[in-house]
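Topology and contacts: notes
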Amino acid sequence: MHETKIEEQAKRAGLPVYQYMRVASQRAMKLSAELNFSYHEPEEVARLFSELTGKPVGEGFCLFPPFYTDYGQNITVGKNVFINTSCHFQDQGGITLGDGTFLGNNVVLTTMNHDFDPEKRSTTYPAPIVTGKNVWIGSSVTVVPGVHIGDGAIIGAGSVVTKDIPPYTIAAGVPARVIRKIDPKTDHYPSTYKNRKK
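Reading guide: rules and limits
- Residues numbered from 1 in each chain as written.
- Predicted model: local features only at pLDDT ≥ 70, side-chain atom pairs only at ≥ 80, totals over all residues.
- Heavy atoms only, no water.
- Helix = DSSP H or I, 4+ residues; strand = E, 2+ residues; numbered from the N terminus.
- Rg over C-alpha atoms; globule rule 2.2 N^0.38 Å.
- Buried < 20%, exposed > 50% of the residue type's maximum accessible area, 1.4 Å probe, protein only.
- Contact = heavy atoms within 4.5 Å.
- Areas by Shrake-Rupley, 256 points an atom, 1.4 Å probe, with all protein chains shown as cover.
- Pairing = 2+ DSSP bridges.
- Expected span 1.5 Å × (residues − 1).
- Axes fitted to C-alpha atoms, helices over the stretch in contact; angles between N-to-C directions.
- Parallel < 35°, antiparallel > 145°, perpendicular 65-115°, else oblique.
- Nonpolar A, V, L, I, M, F, W, Y, C, P; charged D, E, K, R; others polar.

Let us look at the overall build of the chain. Scanning the chain from N- to C-terminus turns up 4 helices and 18 strands. Against the 2.2 N^0.38 benchmark of 16 Å for 198 residues, the chain shows a C-alpha radius of gyration of 18 Å, consistent with a compact globule. Taking the principal axes of the C-alpha coordinates as reference, the chain spans close to 65 × 45 × 25 Å. Counting all 198 residues of the chain, 40% fall into the buried class. In the chain, 24% of the contacts between residues at least 6 apart in sequence involve partners at least 24 apart. Counting every atom, the chain has about 11500 Å² of accessible surface; 57% of that belongs to carbon and sulfur.

So this is what it looks like as structure tokens:
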């Protein structure tokens, strides 16, 4: 069976997986508390997020705390990524945000699932979440394990994304479904903006 990222990281640390995850979760909680419970200039927010993830953040990165994660070390962000307040990342399976990805308030990205058998419920199955370039995920969206969201896609507020979303589409609902395609050359404003009276 293929070794997961977590299993690889635990092996490098010389610890059993369950023990490694406890140590890693405590580290994430400590760094998240430092990030969330006092004011920081944008450069310091980027530094703390980089420390949390263990990798540099892309140029133009912006995060409005609070931000929550129970691991942190399997998050990768590209250039010009914006993460709004109160987002929750469960990143054991890996989260990759492509260049120009925007996340609204309260977005939940969860990369772990549990066994359906009640006797084996503690068994978890990680799967990555990946966004392409210039993706916009609206407020209070939940994205479940294994979902890929294509370049330029928009996810409507409050949606639950359970399947891959093709590039240059708008998807919304519970579960999210594609509503229509986007033409970047002609679609510039939301219909609520275009239709309002001047």
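Once you've had a look at it, read on.
In this section: the pairing of strand β5 (residues 87-90). Side chains Cys-87 and Phe-89 of β5 all project onto a buried face; the interleaved residues His-88 and Gln-90 project onto a face where none is buried. Pairing between strand β2 (residues 67-69) and β5: 3 bridges, direction parallel. Bridge pairing in β5 places Tyr-68 opposite His-88. Note: β5 against strand β8 (residues 108-110), 3 bridges, orientation parallel. When the bridges of β8 are listed, Phe-89 appears paired with Leu-109.

Attention now goes to the sheet that holds strand β6 (residues 95-97). Strand pairing in a sheet relies on backbone hydrogen bonds, with the paired strands running either antiparallel or parallel. Strands sit in the order β3-β6-β11-β14 across an open sheet of 4 strands; the sheet is parallel. Unpaired on one side and paired on the other, β3 (75-77) and β14 (148-149) mark the two borders of the sheet. Pairing between β3 and β6: 3 bridges, direction parallel. Each bridged residue has a counterpart across the sheet, and for Thr-76 the counterpart in β6 is Thr-96.

Below, the discussion takes up helix α3 (residues 42-53). Look at α3: 16 Å from first C-alpha to last across 12 residues, which is about the 16 Å you get at 1.5 Å a residue. Taken together, the buried positions of α3 are Val-45, Ala-46, Leu-48, Phe-49, Ser-50, Leu-52 and Thr-53. The inward-facing, buried residues of α3 contact α2 (17-36), β1 (62-63), β2, β3 and β4 (82-83). In the segment just after α3, Gly-54 is the residue with positive phi, at about 75 degrees.

Further remarks concern the sheet that holds strand β17 (residues 169-172). Strand order in the open sheet made by the 7 strands is β1-β4-β7-β12-β15-β17-β18, with mixed pairing throughout. In this open sheet, the two strands that pair with only one neighbour each are β1 and β18 (177-181). Bridging between strand β7 (residues 102-103) and strand β12 (residues 136-137) involves 2 bridges; their strand directions are parallel. Considered in β12, the bridge of Phe-102 is made with Trp-136.

Take Thr-53: it is sitting in helix α3. The exposure class assigned to Thr-53 is buried, which follows from its relative accessible area of 4%. Not counting residues up to four positions away in its chain, the partners in contact with Thr-53 are Gly-72, Gln-73 and Ile-75.

Now for the packing of α2 against α3. The contact between α2 and α3 brings their axes to 10 Å, and the two run at 175 degrees. In terms of orientation, α2 and α3 fall into the roughly antiparallel class. Between α2 and α3, the contacting residues are Arg-27, Ala-28, Leu-31, Ser-32, Glu-34 and Leu-35 on the first element and Val-45, Arg-47, Leu-48, Glu-51 and Leu-52 on the second. Tallied by class, residues from the contact of α2 with α3 come to 6 nonpolar, 1 polar and 4 charged.

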